[in-house]
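# Structural overview
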Amino acid sequence: MKIEASWNAVLSDEIAQPYFRKLIEFVRAEYDAKHKAVCYPPEHEIFAAFDQTPFNRVKVVIIGQDPYHGPRQANGLCFSVHDDMAFPPSLANIFREIEQDLGKPIPTSGNLQRWARQGVLLLNATLTVRQGEAGSHQRQGWEKFTDAVIQKISDQKQHVVFLLWGGFAKKKGAHIDRSRHLVLESGHPSPLSANKGHWFGNRHFSKSNNYLQRTGQQPIDW
């Protein structure tokens, strides 16, 4: 349960706090082979969002809530699934919006590692979950930790795009310094929200790229 070196340096004060040690003890107990519950993502992918997007490379932040809690879905990146998995409904709607916004064909894989490697931090508010039990690892300390992650990015970087989809993500992003960063908000891509007109047409992907280019950064190949 090690975090990537650049993130470890930025978050060293947070990692040293008693609540984080207690959180890690909880997670280790949950993942222990003697425990009856199965947890996701796999233990080596809990910090995948940080491993694949070092602090100095963060250009875009997308905030999710929990990892997927079905077998073999979660890979440590919010909204992302392993290569051979069917698209969950929210991810399918994300790809549909990209198709409408940028004219890009819907990909064959829902693995978003390709985004992460370009500087898109795919951050779930809670990084672990029990199989079949949505929200089962909430209120154990993950939310406090990921609030600190968002705050560090806001305070220490400039010209980052934050994509806040749905009420939960908007609350997580309440303290972002909007004078330093671009914050784009819309409804959640889940069918419940998207089908009511709160998601499709937000054009967040082209808006993100336009902002990145205006601030001298490479756009994301969505």
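Our structure is the block above this text.
Now for a look at the structure at hand. Small disclaimer: the values here were computed from a predicted structure and weren't measured.

Attention now goes to unusual backbone geometry. Apart from glycine, the bulk of residues carry a negative phi angle, and the bulk of peptide bonds sit in the trans form. In the segment running from Y40 into P41, the intervening peptide bond is cis, with an omega of -5°. Topologically, P41 is positioned in the loop between β1 (39-40) and α4 (48-52). The backbone of R72 sits at a positive phi, close to 65°, despite the residue not being glycine. Relative to the helices and strands, R72 is located in the loop between β2 (60-64) and α5 (89-102). A positive phi angle, near 55°, is found at R203, a position not held by glycine.

All right, on to the environment of A5 then. Its location among the elements puts A5 in helix α1 (residues 5-10). Taking the C-alpha atoms as reference, A5 lies 17 Å from F145; in sequence the two are 140 residues apart.

We now examine the nonpolar core. Within the largest apolar cluster, 67 residues are counted, with the highest numbers of intra-cluster contacts made by W7, F50, I62, W115, F145, I153 and W222. Considering each element in turn, this core owes the most residues, 7 residues, to helix α3 (residues 18-31). Those residues in contact with W222 that sit more than four places away from it in its chain are V60, I62, I98, L102, K104, W115, V120, L163, F205, S208 and N209.

For the rest of this paragraph, the subject is α5. Side chains three or four residues apart in an α-helix point the same way, a direct result of the helix having 3.6 residues per turn. Between the first and last C-alpha of α5 there are 20 Å, a value that for 14 residues agrees with the 20 Å anticipated at 1.5 Å per step. Every buried residue of α5 is accounted for by S90, L91, N93, I94, F95, E97, I98 and D101. G103 sits one or two positions beyond α5 and adopts a positive phi of about 75°.

Reading guide: rules and limits
- Residues numbered from 1 in each chain as written.
- Predicted model: local features only at pLDDT ≥ 70, side-chain atom pairs only at ≥ 80, totals over all residues.
- Heavy atoms only, no water.
- Helix = DSSP H or I, 4+ residues; strand = E, 2+ residues; numbered from the N terminus.
- Core = buried A, V, L, I, M, F, W, Y, C linked by side-chain atoms within 4.5 Å.
- Buried < 20%, exposed > 50% of the residue type's maximum accessible area, 1.4 Å probe, protein only.
- Contact = heavy atoms within 4.5 Å.
- Expected span 1.5 Å × (residues − 1).

Everything listed is a geometric property; what it means functionally is a separate question.
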